[in-house]
2 protein chains.
Amino acid sequence: VSGGELARILAGPPPGVLPLMGGFPDVSTFAAGEIAELTAQVLRDEAAVALQYAPVSGVPAFREYLLDRQAHLQGRRPAPEELLVTSGGMECLTLAAQVLAQPGDTVLVEGPTYLGALLALQAHGVVAEAVPMDDDGLDVDALAQRLADGPRPAMVYVIPDGQNPTGRTLAGPRRQALVDVCREHGVLLVEDVAYRELVHDGEPLPSLWSLAPDGVLQAGTFSKVFTPGVRLGWAVGPADAIARLAEAKGTSDQCASALAQLLVTAYGRGGHFGTRLPDARALYARRWHAFDAALRDAMPDGVTWTVPTAGFFTWLTLPEGLDALALRDRAVEHGVAYVPGVAFHCDDGGTRDMRLSFSQLGEQDLARAAGLLADVVREAA
Amino acid sequence: VSGGELARILAGPPPGVLPLMGGFPDVSTFAAGEIAELTAQVLRDEAAVALQYAPVSGVPAFREYLLDRQAHLQGRRPAPEELLVTSGGMECLTLAAQVLAQPGDTVLVEGPTYLGALLALQAHGVVAEAVPMDDDGLDVDALAQRLADGPRPAMVYVIPDGQNPTGRTLAGPRRQALVDVCREHGVLLVEDVAYRELVHDGEPLPSLWSLAPDGVLQAGTFSKVFTPGVRLGWAVGPADAIARLAEAKGTSDQCASALAQLLVTAYGRGGHFGTRLPDARALYARRWHAFDAALRDAMPDGVTWTVPTAGFFTWLTLPEGLDALALRDRAVEHGVAYVPGVAFHCDDGGTRDMRLSFSQLGEQDLARAAGLLADVVREAA
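What comes next concerns the included structure. Along every chain, residues carry numbers that run from 1 in the direction the sequence is written. Here the convention is simple: chains get letters from A, ligands get numbers from 1, in the order in which they are written. Only residues with pLDDT of 70 or above have their local features reported here, since the model is predicted, and side-chain atom pairs are shown and tallied only from 80 upward, although totals for entire chains, interfaces and linings are computed over all residues. Processing note: side-chain calculations cover all non-hydrogen atoms of the structure and skip hydrogens and water entirely.

1. Quick look at the interface of chain A and chain B
At step 1: Residue contacts are counted whenever heavy atoms from the two residues lie within 4.5 Å of one another. Contact with chain A, which involves 52 residues of that partner, is made by 53 residues of chain B.
At step 2: Roughly 4,100 Å² of surface becomes buried between chain A and chain B when both sides are summed, with 65% attributable to carbon and sulfur atoms.
At step 3: Take a side-chain nitrogen of Lys or Arg and a carboxyl oxygen of Asp or Glu: if they are within 4 Å of each other, that pair is a salt bridge. Where chain A packs against chain B, one counts zero salt bridges.
At step 4: Listing elements by their share of the side of chain A that touches chain B, those giving two or more residues are α1 (3-11), α2 (32-45), α3 (47-50), α5 (89-99), α6 (115-123) and α11 (258-269) of chain A.
At step 5: The class makeup of the residues in the side of chain A that touches chain B is 31 nonpolar, 16 polar and five charged. Defined here as a combined quantity, buried area equals the accessible surface (1.4 Å probe) lost by two parts on assembly, summed across both. Counting from the N terminus, the helices are the DSSP runs of H or I reaching at least four residues and the strands are the DSSP runs of E reaching at least two. Each residue receives one of three labels: charged for Asp, Glu, Lys and Arg, nonpolar for Ala, Val, Leu, Ile, Met, Phe, Trp, Tyr, Cys and Pro, and polar for the others, Gly being one of them.

2. Digging into the sheet that holds strand β13 (residues 339-340) of chain A
All names here are of chain A.
At step 1: Pairing between strands is defined by DSSP: at least two bridges between them are needed. A sheet is described by the order of its strands in space; here four strands give the open sequence β10-β11-β14-β13, paired in antiparallel fashion. The sheet is open, and its two borders are formed by β10 (304-305) and β13, each paired with just one other strand.
At step 2: Examined bridge by bridge, β10 and strand β11 (residues 313-317) share two bridges and lie antiparallel to one another. Within β11, the residue paired with Thr 304 across the bridge is Thr 317.

3. Regarding the state of the cysteines
By definition, a disulfide is the covalent link that joins the sulfur atoms of two cysteine residues.
At step 1: The criterion for a disulfide is a pair of cysteine sulfur atoms lying within 2.5 Å. Following the criterion strictly, the structure yields zero disulfides over all chains and no others.
At step 2: The thiol of A:Cys255 is not disulfide-bonded; the next cysteine sulfur, from B:Cys92, is found 17 Å away.
At step 3: Type-normalised accessible area, obtained with a 1.4 Å probe on protein chains alone, sets the label of each residue: buried when under 20%, exposed when over 50%, and partly exposed for intermediate values. Classification of A:Cys255 as buried rests on a relative accessible area of 0%.
At step 4: Free cysteine: B:Cys182, not disulfide-bonded; nearest cysteine sulfur from B:Cys92 at 16 Å.
At step 5: Look at B:Cys182 and you get buried, because its relative accessible area is 2%.

4. Observations concerning the sheet that holds strand β3 (residues 106-111) of chain B
Residue and element names in this part refer to chain B.
At step 1: Spatial ordering of the open sheet is given by β2-β9-β8-β7-β6-β3-β4-β5, a layout of eight strands whose pairing is mixed. The sheet is open, and its two borders are formed by β2 (83-86) and β5 (137-138), each paired with just one other strand.
At step 2: One ladder, built from four bridges, connects strand β6 (residues 155-158) with strand β7 (residues 188-192); its direction is parallel. Bridge pairing links Val 158 to Glu 191 in β7.
At step 3: Simply put, an axis is a line fit to the C-alpha atoms, just over the touching stretch for a helix, and the angle between two N-to-C directions goes from 0 to 180 degrees. Each of β2, β6, β7, β8 (216-221) and β9 (233-236) touches helix α5 (residues 89-99); the most contacted strand, β8, lies at about 145° to it.
At step 4: In the packing of helix α6 (residues 115-123) onto the sheet, the strands contacted are β3, β4 (127-134) and β6, and the crossing angle to β3 comes to about 165°.

5. Some points on the pairing of β9(B)
Residues and elements named next belong to chain B.
At step 1: Side chains of β9 alternate between two faces, with Gly 233 and Ala 235 and Trp 234 and Val 236 buried alike.
At step 2: Relative to β9, β2 is paired through four bridges, and the arrangement is antiparallel. Counted as the bridge partner of Thr 86 is Gly 233 from β9.
At step 3: The pairing of β8 with β9 spans four bridges and is antiparallel. Within the sheet, the bridge partner assigned to Ala 219 lies in β9 and is Ala 235.

6. Topic: helix α10 (residues 239-249) of chain B
All names here are of chain B.
At step 1: Of all the residues in α10, the buried ones are Ala 241, Ile 242, Leu 245, Ala 246, Ala 248 and Lys 249. Buried positions in α10, seen along its axis, are confined to an arc of 165° and lie on one side of it.
At step 2: Buried residues along α10 sit in contact with β2, α5, β8 and β9. Note that the arc is computed from the directions linking the helix axis to the C-beta atoms.

7. Let's talk about the relation of the copies chain A and chain B
At step 1: Here the copies are superposed with least squares, the fitted atoms being C-alpha atoms of residues at a pLDDT of at least 70 in both. For the match of chain A to chain B, the screw axis carries a shift of 0.0 Å, the RMSD comes to 0.0 Å, and the turn is 180°. Here the symmetry operator amounts to a two-fold rotation axis.
At step 2: In this assembly, 100% of the residues forming the interface of chain A have copies in chain B that are likewise at the interface, indicating an isologous arrangement.

8. Comments concerning the pairing of β3(B)
Remark: a regular strand shows side chains that alternate across the two faces of the sheet.
All names here are of chain B.
At step 1: Summarising burial for β3: five of the six residues are buried, a large majority.
At step 2: Of the strand pairs in this sheet, β3 and β4 are connected by six bridges, and their pairing is parallel. The residue of β4 that forms the bridge with Leu 108 is Glu 129.
At step 3: In this view, the connection linking β3 to its parallel neighbour β4 by way of α6 has right-handed handedness.
At step 4: Looking at chain direction, β3 and β6 are connected through three bridges and run parallel. Its bridge partner lying in β6, Leu 108 is registered against Val 156. The definition of a right-handed crossover adopted here requires that, viewed with the strands pointing away, the path from the first strand over the helix to the second runs clockwise.

Put into C-alpha cells, the structure is as follows:
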C-alpha cells in the first residue's frame with residue numbers, strides 16, 4: 001500500500017479529467033453562507049475560546065453538543081470520559097494504530113478497506129489482514145472462524161455504512177453477531193462511521209457502538225456532512241481506550257481547532273444539520289441512480305458493480321483478464337479518473353476492481369464518465 | 001516526561017487562579033473582526049476550495065503565500081518541494097520524530113526544551129539527550145564536543161528565539177557555528193521558530209534555516225501570530241525530508257484545514273500581519289517589563305530568572321533546597337499556577353526551576369501573580 005496513492009487522490013486528477021476518485025463531498029451540500037454568519041457570531045461572542053488553544057479532549061461546549069448528538073442520532077449518551085474530539089476521522093484511526101496496537105500486531109480489516117486506514121496501520125508497523133466481504137458487508141462467519149482459529153488480533157476495523165471502497169452496508173442481523181463475536185474474543189471493534197449520516201434513503205441501521213459501547217471504538221468525522229475544510233471529528237468508546245488516544249493526541253496536533261469546534265456547535269445547535277442533510281442525502285441518491293443507469297447503458301457484459309444505499313462509492317469489477325491498475329492511465333487519457341482496487345487491499349486482491357466515487361459530479365457528467373470508462377473497458381477487452 | 005502535564009497546561013488552571021502556565025497568546029492581539037470578514041470573503045469567492053479536502057502538501061495559493069513569506073521574512077524563497085503545510089508546529093515535530101528517526105535513535109535537545117517535543121520523541125521511541133544552555137542559548141561548544149565524542153544523533157532540535165521554556169535567544173555568533181557543526185557531522189538540525197516573529201524589540205536574528213537551507217528543517221506555526229484556534233503551520237527544509245514528512249502527514253490528518261489556509265492567505269496578502277504584529281510585540285514587551293519589575297520587587301534573595309527578548313517565557317530558579325514541583329499545589333492554593341521545570345527536562349534537571357509565562361495576563365495581574373509566587377517561595381524557604 002502506497003502513500004503516493006493517497007496524495008494522488010487528495011491532489012485530484014489533471015484539469016479536464018472527470019473525477020471518480022476521492023471520497024470528496026459535493027461542496028454545494030455545505031452551508032457556506034451559514035458558516036460565514038456563524039463564524040462571525042462565534043468570533044463576536046466567544047473569541048477568547050475560539051481563538052485560543054483548546055483542551056486536548058475538546059472545547060467543553062462542543063463536547064456537550066457531541067454527547068447530545070450521539071444520544072439523539074445513536075440512542076445513547078456517552079459518559080464524558082468516553083468521548084474525544086479529533087481533527088477528523090483519519091486522526092482517530094492513526095491514534096488507534098499508534099497506541100491501541102503494538103508494532104507487529106495484526107488488525108483484521110474488511111477486504112477491501114479504506115486506504116487511509118491501511119496506511120495508518122502500516123505507518124505504525126501494524127499488520128493488516130483481510131476478512132472477506134459479500135454484498136451484505138463483512139462476512140461475520142468468516143471473521144468468527146478466523147478469531148477461533150488464528151492468533152488474537154489487536155483490533156477489528158470495519159466501516160458498516162456505505163463502506164469505503166465498496167459502498168456496501170453491513171446488514172442489520174450481522175451487526176449484533178459482529179459485536180458478539182468480538183466481545184466473545186475480547187477484541188476491540190473499531191467502527192468508522194464516515195458515511196453513516198449519508199444513508200441515501202430512510203434511517204441508518206444501529207451503529208455498532210450503540211450495540212456495544214464497552215467494546216466498540218467509533219471514529220466519526222464532520223468531513224462529509226459539514227465540510228472537510230475544517231478538520232474535525234470524534235472518537236467515542238471505552239474510557240480506557242479514549243484516555244490513551246487523548247494522551248497521544250496531545251503530541252499529534254495538541255488539540256483540534258477551537259474555532260471549528262465552536263462553529264459546529266453553533267451550526268448543530270441551530271438545527272442546520274436537520275435542515276441541510278436531507279437535501280444532501282437526496283442529491284447523492286439521485287447521483288447514484290443516474291450513475292447506475294449510465295453504467296448499465298454503457299458497460300459491456302461481464303462488468304459488475306455494487307449497489308450502495310449510503311455514501312459515495314460503487315465498486316466495479318472488470319471481466320477476467322483485465323487489470324484496473326493497468327487501465328488507469330488510459331482512462332485518464334480518455335478523460336476519466338478512478339482509484340484502482342489494489343489500493344484498498346492489504347493482500348493481492350483487487351486487480352480487476354476499481355473504486356468509483358459518484359459524489360463529485362452532476363448527473364450529466366456522471367453519464368459522460370460512465371461512457372468514457374466503458375470505452376476504455378471495451379477497448380481493452 | 002508525562003503527557004498529563006501537557007493536558008494540564010492545555011486545560012488551564014482552576015477558575016480564579018492566575019495562569020503563568022501555557023504558551024498561550026493573548027487573544028486580544030488577534031484580529032477577530034478581520035478574521036470574520038475574511039472568512040466571509042473566502043467562503044463567498046473560494047468555497048469550492050475552502051470547504052473541500054486539500055492536497056497533503058497544502059492549498060496552492062497558501063503555498064505560494066508561504067514561499068513569498070519566507071523570502072520576505074527570512075531572506076530566501078524555498079523551492080516548492082522544500083515546503084509542507086502542517087496543522088501547526090507540533091505536527092512537524094511529531095512527523096519528524098516518526099519518519100526522520102528510528103525507534104532507539106537519539107535526538108539532541110536543549111536542556112531544558114519544549115515539553116511537546118520531548119513527548120513527541122518519546123511517543124515514537126526516540127531518546128532525547130540534553131545539551132546544556134547558558135544565557136546565550138544552546139552551548140554550541142558543548143554540542144560540538146558531544147558530536148565529536150558520542151554516537152551520531154538522528155537530529156539536533158533547537159528553539160533559537162525566545163526559547164521554550166527559558167525565554168533565551170540563541171546569540172548571533174552561535175548561529176553560524178551551530179549550522180556549521182551540524183553540517184560537519186552530517187546531522188539534520190531541526191529549528192522551531194514558534195516565537196521568532198515575537199521578538200520584543202527590533203528585528204529577529206537570522207533563522208538557522210536561512211543560514212543552511214540544505215541542512216535545517218524549520219517548524220513554524222501561526223498559533224502565536226494569527227491564532228491557535230485554527231491549526232496551521234509550515235515545515236521548510238531539505239526536499240527529501242519534506243517528502244517523507246508529507247507522506248506521513250497523509251495518514252496523520254490527511255491535510256490541514258483548507259479554510260484556514262485560504263484565510264491566512266487573505267490575511268497575509270492583505271498586509272494584516274504587518275499592521276498587527278508591532279502591537280503584539282509591544283504588548284508582550286510591556287508585560288515582560290512589568291513582570292520583571294514585579295519579580296524584582298517581590299522575590300527574596302537567591303531567586304533568579306532569565307531575561308527574554310522574545311516570546312512569552314521566563315525561567316525562574318529557586319534557591320538551593322527548594323523544589324518547584326513540590327511547591328506547585330501550594331502555589332495554586334495561593335492563586336497562581338506555573339509549570340514545574342522538571343517537565344522540560346529529559347534528565348533529572350529542573351527541580352529548582354519553573355517556567356513562567358507572562359503572555360496571558362495584564363500588567364496588574366502579573367504584578368499580583370509575582371507577589372503571590374514570592375509569598376509561596378518565602379513561606380517555603
